[in-house]
Each structure stands twice: as structure tokens, then as C-alpha cells.
Amino acid sequence: GKYLNKIHSRGQGPGEYTFLSYMTVADSSIIIIDHFTGKQIKYNAFSLQFVKEERIFEKIWATDIFYMHETIYYINDWSNSAAGKFRLFSIKNNSENFEKYLPFEKEPLSLGINGPVCATNGNEASLIYSGDNNIYRIRDGKVFPEYEVIFKDKKVEYPSGKAEDVLHNPPGRVIGINRINESDKYLFINVSMTVKDNTPIGPGHYDNYTCIHNKLDHSTVICADGISYNSMFDGGYVIRKIIDNKIIYWGDAHILLNVSYPKEELEKRNFNNKAYEERLKNVFANLNEDDNPVLFIYGLK
């Protein structure tokens, strides 16, 4: 939580970005990608000085990046690229050649909610892809399906051939795997389903369920509407990251203050833990709209 420095190089010149699409931290570099200019920019992780940039999308397409084992991994959705139709690319430090994994032939109709999502855990990572019930593992430079999520409920159907027509399905249909997070012992698998009531809520509304899978004894617990949010956020938040035994959520102060927790709504909420309630209300009482990012860190019991 200690402030170190800032890059703040807005623009379209060398070493400048127009939008921070996503970033990762390598051994000695901070690497960002700007989708609008198609650039990958590398800064020194300690001085934050500009190092170099390249037009990464002239080679591959990516929707997220992460760093592991002296290797940058680029997660693709279902888009084609100059390097071919693959769901994952990687490149080692000081190399110019991309490794390619998991080729695809066509875009799936069942798109899910968030698209490809990865979860790093020490020296390995797990990945999910839209329309795919497999959970893939990256380990020792190899990528392979390690788990399969088997749904007993009916999956959504798209009779019109358009994925955006998901809400034309009856209530309770499975959209697919939405997010994934991981600790040494557990997989947290967020699954989305079409809304289960007749409330006329706008397009894009869905229910979340979180499956907690114990990787050691292979048991699974399913939690309705997320992870015990009555004692946490008491809202529709999802886990952003798990580090050791800490569950981490981050959000935008403007959204938290004006959409998720406006003062009048926060006063109406009834939390089980009064000490936590007072701490949370104190946080929001002293929060400004430009206090970003807002981090909530919870212990995993």
C-alpha cells in the first residue's frame, strides 16, 4: 500500500499510451498494452522510465496478459491474428518468436460473460475460455485441460444464431463459466445463469453462483449468489484475486459511491457483523470519487 511513483504518459508519442487496457509486472519491467494504438509498452519496474514499445497487434491479438517463469503469456479470445488462430500465445524474455497453444477453428456461440480469464497461482496458472467447459492448466511450459465443469442444468440456446439473445432463454439456463480464481487448495469457479425471476430487468442481467472446488479431496461446494456476501459486500461482487489466503476485490471509487453503495442505501443495509459494518461505513464516509483503486482484502477462513 505504499505509494512509489507513477508513469502517467498520456499521448500517442513514443512511450505514451492513450488507454491502459491491461498490464503485467515482469522481473524488472512493467508491461502495458494499449488497445487503441495497438502498442505494447515496456517501462522499467523500478524507475518507471520508458524502455521500448512495439506494435504487438501486428503479430498477435490479445485480451489479457500475465507473466510467469520469464515468459509473457497473451490470452486471445476467438480472434484471428497474423500468427494464426490460437487462444494463447507466449514469448520468453529476449526472444522474438511466439509459442502458440490451443488452436481454434470457429467462434463459439455460447460466449459467457467475461471472455477468457486467467488465475495465476505461484508457478502455474489456470485459464477458462468463453463457450468452453474446460479449465486449462499452464504448468512447466505446457497447456492442457485439467478440469471439466459438468452442468446438470440445461445450457442456454441461441435459436436466432445470435449470442446476445441469451435472455430469450427460460430462467435458470446455464450461460457458462464466468470467472475463475485459485489458491493452493481451492478453485473458485464463478458460473452464470439466466435470471430466475420475472422482474423486468434490462439486458445483461444474470445470476452468479460460485463453486468452491477442493483440489486436494476433489469435493465441491456451490454457493448461491457468490461467496457469503452478506458478511462481505452484501452485493453482486466477484473475487478479483486470491493471494495466499487473502481474497481481494478492487473497484472504482465513483462506481462504489454512486452505484453500489450510495450513502442512503448503505444506511439501510443490515450486516451480520456489526464491527465490520462500522468499518465499512467509515471507509465510505471518507472515500472520495478519485480515490482509485479501492481495495478490499479479506482473509480466507
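Everything numeric here is computed off the predicted structure, so don't read it as measured data.

The rules behind the values
Residues numbered from 1 in each chain as written. Predicted model: local features only at pLDDT ≥ 70, side-chain atom pairs only at ≥ 80, totals over all residues. Heavy atoms only, no water. Pairing = 2+ DSSP bridges. Helix = DSSP H or I, 4+ residues; strand = E, 2+ residues; numbered from the N terminus. Axes fitted to C-alpha atoms, helices over the stretch in contact; angles between N-to-C directions. Phe/Tyr/Trp six-rings, centres within 6.5 Å; stacked < 30°, edge-to-face > 60°. Buried < 20%, exposed > 50% of the residue type's maximum accessible area, 1.4 Å probe, protein only. Patch = residues over 30% accessible without salt bridge, like charges linked within 9 Å, V, L, I, M, F, W, Y side chains within 5 Å. Areas by Shrake-Rupley, 256 points an atom, 1.4 Å probe, with all protein chains shown as cover. Salt bridge = Lys/Arg side-chain N within 4 Å of Asp/Glu carboxyl O. Lys, Arg positive; Asp, Glu negative; His and termini not counted. Charge placed at Lys NZ, Arg CZ, Asp CG, Glu CD.

Trainee: Go over the sheet that holds strand β5 (residues 64-68), please, and point to the residues and values.
Mentor: Strand order in the open sheet made by the 4 strands is β5-β6-β7-β8, with antiparallel pairing throughout. On the outer flanks of this sheet lie β5 and β8 (99-103), each paired with one strand and no other. Strand-to-strand twist of the sheet, defined as the mean angle between neighbouring strand axes without regard to direction, takes the value 20 degrees. By the bridge criterion, 4 bridges tie strand β7 (residues 86-92) to β8 in an arrangement that is antiparallel. Bridge pairing in β8 places F89 opposite K100.

Trainee: Describe in detail the packing of aromatic side chains, supporting the description with residues and values.
Mentor: The way to describe two aromatic rings as a pair is by their centre distance and the angle between their planes. Scanning all chains against the criterion turns up 12 aromatic pairs. On the numbers, 4.4 Å between centres and 35 degrees between planes, the contact of F57 with W61 is tilted. Take W61: its relative accessible area is 28%, and that puts it in the partly exposed class. With a centroid separation of 5.3 Å and an interplanar angle of 80 degrees, the aromatic rings of W78 and F104 are classed as edge-to-face. Remark: F104 occurs in the loop between β8 and β9 (117-121) and W78 occurs in the loop between β6 (71-75) and β7; sequence separation between them is 26 residues.

Trainee: Residues and numbers for a negative patch on the surface, please.
Mentor: Side chains of D252, E289, D290 and D291 sit close together on the surface and give a patch of like negative charge. In this structure, D252 sits in the loop between β18 (246-251) and α1 (253-260). On the accessibility criterion, D252 (35% relative accessible area) is partly exposed.

Trainee: Please give an account of the sheet that holds β9 that cites residues and values.
Mentor: Read across the open sheet, the 4 strands follow the order β9-β10-β11-β12; overall the sheet is antiparallel. Sheet topology places β9 and β12 (142-148) at the edges, where each strand pairs with a single neighbour. The average angle at which neighbouring strand axes cross in this sheet is 25 degrees, direction not considered. When strand β11 (residues 134-139) meets β12, the two strands line up antiparallel, connected through 6 bridges. Note that in β12 the partner of I138 across the bridge is V143.

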